[in-house]
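# Overview (structure and organization)
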Amino acid sequence: MIIVGELINASRKTVKAAIEAKDERAIKKVAQDQFDAGANYIDANAGVFVGQEPEYLKWLVEVVQTVVDGPCCIDSPDPKAIETALAVHKGTAMINSISLEKERYETLLPIVAGTDLKVVALCMSDKGMPETTDDRMTIADKLVNGLLQKNVAIENIYVDPLVQPVSTNNLFGVEFLSAIEKIVTTFKGIHTMCGLSNISFGLPNRPFLNQTFMSMAIAKGLDGAIINPLDKNMMANIIAATALAGKDDFCMQYLQAFRDNRLGV
Amino acid sequence: MADLASIKEAVITGKTKEISLLVQTALDAGADPQDIIDNYLIDAMKEVGARFEADKIFVPEMMIAARTMQNGLAVIEPLITGDDNKLEKLGTVVIGTVLGDLHDIGKNLVVLMLESSGFNVIDIGVNVPVDTFVAKAKELDADIVGISSLLTTGDANMKTTVATLKNGGLDEKVKIICGGAAVIEKRALEHWGADGYAKDAASASRVIRSLLSID
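All of the points below concern the structure found in this document. (Residues numbered from 1 in each chain as written. Chains lettered and ligands numbered in written order. Predicted model: local features only at pLDDT ≥ 70, side-chain atom pairs only at ≥ 80, totals over all residues. Heavy atoms only, no water.)

## Focus: the overall build of chain A
Applied cut-off: Only DSSP runs of H or I covering at least 4 residues are called helices, and only runs of E covering at least 2 are called strands; the numbering of each starts at the N terminus. In this setup the radius of gyration rests on C-alpha atoms only. A globule is expected at 2.2 Å times the number of residues raised to 0.38. When a residue's accessible area, from a 1.4 Å probe over protein chains only, is under 20% of the maximum for its type it is buried; when over 50% it is exposed; and in between it is partly exposed. Any pair of residues with heavy atoms lying within 4.5 Å of one another is described as a contacting pair. Accessible surface is estimated by sampling points in the Shrake-Rupley manner with a 1.4 Å probe; for residues, cover comes only from the protein chains shown. Only four residue types enter the tally: Lys and Arg on the positive side, Asp and Glu on the negative side, with His and both chain ends excluded. Charge positions are represented by NZ for Lys, CZ for Arg, CG for Asp and CD for Glu.
Secondary structure summary: chain A contains ten helices and eight strands in total. Here the C-alpha atoms of chain A give a radius of gyration of 18 Å, agreeing with the 18 Å that 2.2 N^0.38 yields for 265 residues. Across its three principal directions, the C-alpha atoms of chain A cover 45 × 40 × 35 Å. Expressed as a percentage of the 265 residues in chain A, the buried residues total 52%. Across chain A, contacts joining residues at least 24 apart in sequence account for 69% of those joining residues at least 6 apart. Element-wise, carbon and sulfur atoms account for 52% of the exposed surface of chain A, whose accessible area totals about 12000 Å². Put simply, chain A has 25 plus and 32 minus side-chain charges, and the middle of one group is 2 Å from the middle of the other.

## Some thoughts on the environment of Ala65 of chain B
Residues and elements named next belong to chain B. Within the element layout of this structure, Ala65 appears in helix α4 (residues 59-80). Owing to a relative accessible area of 0%, Ala65 belongs among the buried residues under this scheme. The spatial distance from the C-alpha of Ala65 to the C-alpha of Val11 is 5.2 Å, given a sequence separation of 54 residues. Setting aside residues up to four positions removed in sequence, Ala65 forms contacts with Val11, Ile12, Gly14, Met45 and Val48.

## Remarks on unusual backbone geometry
All names here are of chain A. Cis geometry is adopted by the peptide bond preceding Ser97, which originates at Asn96 and carries an omega value of 5°. Inspection of the secondary structure assignment puts Ser97 in strand β4 (residues 94-100). A positive phi angle, near 75°, is found at Leu162, a position not held by glycine. Take Leu162: it is sitting in the loop between β6 (157-160) and α7 (172-186).

## What to know about the side chain of Gln164 of chain A
For clarity, the cut-off: By the criterion applied in these results, polar contacts are pairs of N or O atoms within 3.5 Å in which, for protein atoms, one can donate a hydrogen and the other can accept it, and in which residues neighboring in sequence qualify only through two side-chain atoms.
Summarising the element assignment, Gln164 of chain A is placed in the loop between β6 and α7. The class of Gln164 of chain A is buried, set by a relative accessible area of 2%. In terms of polar contacts, Gln164 of chain A uses its side chain to reach the backbone carbonyl oxygen of Pro130 of chain A, at 3.2 Å. Look past the residues within four positions of Gln164 of chain A in its chain and what remains in contact with it is Met129, Pro130, Glu131, Arg136, Phe172, Asn198 and Ile199 of chain A together with Ile105 of chain B.

Right, dumping it as structure tokens:
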């Protein structure tokens, strides 16, 4: 399971303030904490700073990688911001995200073309948000094939089928889950990714729903998630679900987590 | 004597099927159609909004209450949509998601809540250019323009849209309200110049009532 730690996002008040104050210590701590908790990528998002996004995104990547010996997930729709951040990034970054929205697709495709960059491919098009499994497959098919034609390796593509809230339509959960299953069976070797907290919008006790949905998605083949890795219950849940889904040889990760006291509760 | 209290209760508790018979029975017993709408169906939705804002009920319950209200209204509507006897609306709201943003779930909830609260709502969709907001507001003589934004990257477009609407020849009486996960109240009101902010569908209905001085 590939975990992208989502906490360094300027839409969060504390992170926005830390960026504005150029508070390296605060950013380093959030990065280090997430990495220690098991994040494979540290997401960096400076999207709220219109005009200054490239400069701030670059600064975030530099600061994160002074303490974390691992890659960042560069979270921006702006090609200029992505390129500025990539210029200072060490190792192989993940780009979050390309989509089938025309402008986004056309400006981001050249950045990932022919590279080893990991790329999140979000199932969204100019026609709006996908609702059914078929809507998602139609978009995924175009995105994946477009990326393959530009020499992006299939194992570097992380399709995000886009979670919609089950409070507004009973079927939004299962349509997403079926899409995960169909994507991993249709495109051999591909990865999937999602930020799934949207599933619980409009309902009480959201963490409980998020965790349960995570287990269900992992059972269908989800192997990447953009989450808060400091959420111990969610992390324990992912470790258990991964073992139960047959993705943990000899249950070694599960046992390691047990010995590290990470199964908590 | 018509059992009007049970109409209100049926809306609040989302009795989508029972509502039609309750309303029909009340009408048969001589209840005034406009009175049922104003003081029971719409009043029920005010209560639904209050319960939602207090976290007593949640999105699916709000949606089903709105649907119940509309089912009740459907029984009454044919009786009062004659030539000289139009269904009264509280006001006209033109609503859409800001340019560059395709998210519609939040906006759709606002539309549903406003419609079932007695407003005439025109949904102009997602990724709406500012010119379309202006043109539609003028064409439909809107009282309120609602702008939704989910993406934090949409701030610049929100600011432009609000400013253009404010300075774009719309009558001063037209109020601009912003909402959506990305919108910060202080920024909307102080920096963009919006007249109102609503954090969700229920508060949108409440804030718009207040902007239009409806009790």
